[in-house]
Amino acid sequence: NAGVTQTPKFQVLKTGQSMTLQCAQDMNHNSMYWYRQDPGMGLRLIYYSASEGTTDKGEVPNGYNVSRLNKREFSLRLESAAPSQTSVYFCASSEVGTRSNYGYTFGSGTRLTVV
Amino acid sequence: GNSVTQMEGPVTLSEEAFLTINCTYTATGYPSLFWYVQYPGEGLQLLLKATKADDKGSNKGFEATYRKETTSFHLEKGSVQVSDSAVYFCALDRSEKLVFGKGTKLTVNP
């Protein structure tokens, strides 16, 4: 099925460990995004990529890095995980940003716990 | 800066009740406005959108009208179903990126 695929779905890390969250879309979309979802906070933008080869910081980029590997893939890396990064992470893509009539397409999320 | 404020939840209704979820925004200019829905265990999906003042977005029985005068985009449905139980997010467009409200959890009981 076409869409956005995120791996892994669940992960538990110890403080200080590193990991990479993977995201891939097969809709030939130009724009990709990483959001985190926390109770009572809604979704907050971490990083985004308007097109292949470009990345920019969002609202809450500290402690994260991203790579737009190619048009399909956009990964999020935690270099040294902290308990404050416990969250649900969503990757999304869009053909033309918010101008798309179909909105963003979201993956099903990665639930990360840092202990 | 641009931001969205939506009513605190959770909201609990009986089947066939009328639903209103309030959303107001602060923005420079006139951004596009959106409602997204998140069903349990899933990512968000677009429910409806409006791109200019007085536009009405509608989908699956839900409606919302872009009110410039009151800077509002309230979500309404005349008769909710159990299957409408989900978290609803109001959002606006800021520089081609979505800014979300905190979400409102709706539970519909049979």
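One can find the structure itself at the top, above this paragraph.
Here the structure is a predicted model, which is why all the values come from computation and not from measurement.

Asks: Got a sec to walk through the interface of chain A and chain B? Specific residues and values, please.
Replies: Of the residues lining the interface, 22 residues belong to chain A; the matching set on chain B comes to 17 residues. Carbon and sulfur atoms make up 54% of the surface buried where chain A meets chain B, a total of about 1500 Å² over both sides. Along the contact surface separating chain A from chain B lie zero salt bridges. Every element with two or more residues in the side of chain A that touches chain B is listed here: strand S4 (31-38) and strand S5 (42-49) of chain A.

Asks: Mind laying out the sheet that holds strand S1 (residues 4-7) of chain A, listing which residues take part and the relevant values?
Replies: Two pairing modes exist for strands in a sheet, parallel and antiparallel, and in both the strands are linked by backbone hydrogen bonds. Residues and elements named next belong to chain A. An order of S1-S3-S8-S7 is seen for the four strands of this open sheet, with the pairing classed as antiparallel. Both edges of this open sheet fall to S1 and strand S7 (64-68), since each of them pairs with a single strand only. Adjacent strand axes in the sheet meet at a mean angle of 15 degrees when their direction is disregarded. Pairing of S7 with strand S8 (residues 74-78), which is carried by five bridges, proceeds in the antiparallel orientation. The residue of S8 that forms the bridge with Arg-68 is Phe-74.

Asks: Could you give me a rundown of the packing of aromatic side chains, with the residues and numbers involved?
Replies: Taken as a whole and assessed by the stated rule, the structure comprises 14 aromatic pairs over all chains. Pairing A:Tyr33 with A:Tyr104 gives two aromatic rings, centres 4.2 Å apart and planes at 15 degrees, and the pair type is stacked. Placement of A:Tyr33 in strand S4 and of A:Tyr104 in the loop between strand S9 (87-94) and strand S10 (105-106) is noted, with a sequence separation of 71 residues between them. Each member of the pair, A:Tyr33 together with A:Tyr104, is buried. With a centroid separation of 5.9 Å and an interplanar angle of 75 degrees, the aromatic rings of B:Tyr25 and B:Tyr66 are classed as edge-to-face. Taken as a pair, B:Tyr25 in strand S4 (residues 23-26) and B:Tyr66 in the loop between strand S8 (62-65) and strand S9 (75-77) lie far apart in primary sequence, 41 residues in all. For B:Tyr66, a relative accessible area of 0% puts it in the buried group. Ring pairing ties together the aromatic residues A:Tyr33, A:Tyr35, A:Phe90, A:Tyr104, A:Phe106, B:Phe34, B:Tyr36, B:Phe89 and B:Phe100, which thus form one cluster.

Parameters at a glance
- Residues numbered from 1 in each chain as written.
- Chains lettered and ligands numbered in written order.
- Predicted model: local features only at pLDDT ≥ 70, side-chain atom pairs only at ≥ 80, totals over all residues.
- Heavy atoms only, no water.
- Contact = heavy atoms within 4.5 Å.
- Buried area = accessible area lost by both parts, 1.4 Å probe.
- Salt bridge = Lys/Arg side-chain N within 4 Å of Asp/Glu carboxyl O.
- Helix = DSSP H or I, 4+ residues; strand = E, 2+ residues; numbered from the N terminus.
- Pairing = 2+ DSSP bridges.
- Axes fitted to C-alpha atoms, helices over the stretch in contact; angles between N-to-C directions.
- Phe/Tyr/Trp six-rings, centres within 6.5 Å; stacked < 30°, edge-to-face > 60°.
- Buried < 20%, exposed > 50% of the residue type's maximum accessible area, 1.4 Å probe, protein only.

By themselves, these observations are geometric and do not establish any function.
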